[in-house]
Amino acid sequence: MGYLKRVIYNCKKATLLIEKQEMARLTFKEAFELRLHLFGCSFCRIYKKQSAVINQMVRQLFHDSSLKGAKLDDAFKKDLQERIENELNKN
Amino acid sequence: MNQQLKPHQWVAAHADYLYSFAIARLNDEEQARDLVQETFLAALQKVSAFEGKSSERTWLTAILKNKIVDIYRKKSSGLKTTAVQAAAEQEQNDFFDEANGHWTKSSGPKEFGIEDKDHLVSKEFERVLKMCLQKLPALWMSVFTMKHIDEEPTETICAGLKISSGNFWVIIHRAKVSLRACLQKNWI
């Protein structure tokens, strides 16, 4: 298989580059190969959009769950406070 | 003792925050409780090392984060986990043609209808997303949350979880391909 054909077929490599691109700089060769691939591959164009949206949604999910704020029960907190006071008194 | 630290108020001021932080990353209430306690006790040993460069909460959270990474590392080396991971890696081979790397027939991405930036995500989609996240092997999930949620530098993640930088990209890639495939399977 020729070089161009290999780049055009290889969705595994292209999706890896898409992930890399979201958080690091691609080399010139990598950036070229990704552009070439995306030009001809509608699957990977969808993947690219979805990948970014998924990142955003997962971030939102974690953000929401920390805002909702799980709470420790009071008995546990009281014990914990006592342990801390004990430790502080040791010194 | 350092003036900026107020250990007498720690529980009231930070316990619930640290607890939520740990739960979101470990999905285990008991483990999260234990970690909050360990974090405070470890912090007491280190009060003299506190330089006041960050806030008390940031400092405590950093201690907690290290403890979470320890758990991630332990989780990802257990026997049971290795089996989960092997299965996930096997599945990964089904996504792409072995010879030329093209998507296999059944795995090509299709639109979910969530690709537009302004799309409002339904509760139902969130439920599917949570379920799919829980199916990821522990190591992949650890790498994924450290990078995407906590935005840790790649070197910190590699050092903390003892993986090479080449392996880091492979894991980031595999985690996303699996997660996306799970969404496609359970949403469309």
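Here, every reference points to the structure presented above.
(A) Molecular detail of the interface of chain A and chain B. Across the boundary between the two partners, chain A contributes 44 residues, which contact 53 residues of chain B. Across the chain A to chain B interface the summed buried area is about 4800 Å²; carbon plus sulfur atoms make up 72%. The interface formed by chain A and chain B holds four salt bridges in total. In this structure, Glu 19 of chain A engages Lys 176 of chain B in a salt bridge whose closest nitrogen and oxygen atoms are separated by 3.0 Å. Applying the counting rule to chain A against chain B returns 17 residue pairs in polar contact (both at pLDDT 80 or more). For the side of chain A that touches chain B, the secondary structure elements donating two or more residues are helix H2 (11-21), helix H4 (42-68) and helix H5 (74-90) of chain A. In terms of residue count, H4 of chain A provides more of the side of chain A that touches chain B than any other element does, 18 residues in total. Residue composition of the side of chain A that touches chain B, grouped by class: 22 nonpolar, ten polar and twelve charged.

(B) Expanded view of the packing of aromatic side chains. Residue and element names in this part refer to chain B. Summed over the entire model, instances satisfying the criterion amount to nine aromatic pairs over all chains. Between Trp 10 and Trp 59, the ring centres sit 6.4 Å apart and the planes meet at 50°, which makes this aromatic pair tilted. You can see Trp 10 sitting in helix H1 (residues 10-26) and its partner Trp 59 sitting in helix H3 (residues 56-75), a full 49 residues away along the chain. Since its relative accessible area comes to 13%, Trp 59 is described here as buried. Relative to Phe 21, the ring of Tyr 17 has its centre 6.3 Å away and its plane inclined at 40°; by these criteria the two rings are tilted. Of this pair, Tyr 17 and Phe 21 both sit in helix H1, separated by four residues, roughly a single helical turn. On the accessibility criterion, Tyr 17 (33% relative accessible area) is partly exposed. Site record: aromatic cluster; members linked through ring pairs are Trp 10, Phe 40, Phe 50 and Trp 59.

Reading the values: rules and limits
- Residues numbered from 1 in each chain as written.
- Chains lettered and ligands numbered in written order.
- Predicted model: local features only at pLDDT ≥ 70, side-chain atom pairs only at ≥ 80, totals over all residues.
- Heavy atoms only, no water.
- Contact = heavy atoms within 4.5 Å.
- Buried area = accessible area lost by both parts, 1.4 Å probe.
- Salt bridge = Lys/Arg side-chain N within 4 Å of Asp/Glu carboxyl O.
- Polar contact = N/O pair within 3.5 Å; in protein donor to acceptor, adjacent residues only side chain to side chain.
- Helix = DSSP H or I, 4+ residues; strand = E, 2+ residues; numbered from the N terminus.
- Nonpolar A, V, L, I, M, F, W, Y, C, P; charged D, E, K, R; others polar.
- Phe/Tyr/Trp six-rings, centres within 6.5 Å; stacked < 30°, edge-to-face > 60°.
- Buried < 20%, exposed > 50% of the residue type's maximum accessible area, 1.4 Å probe, protein only.

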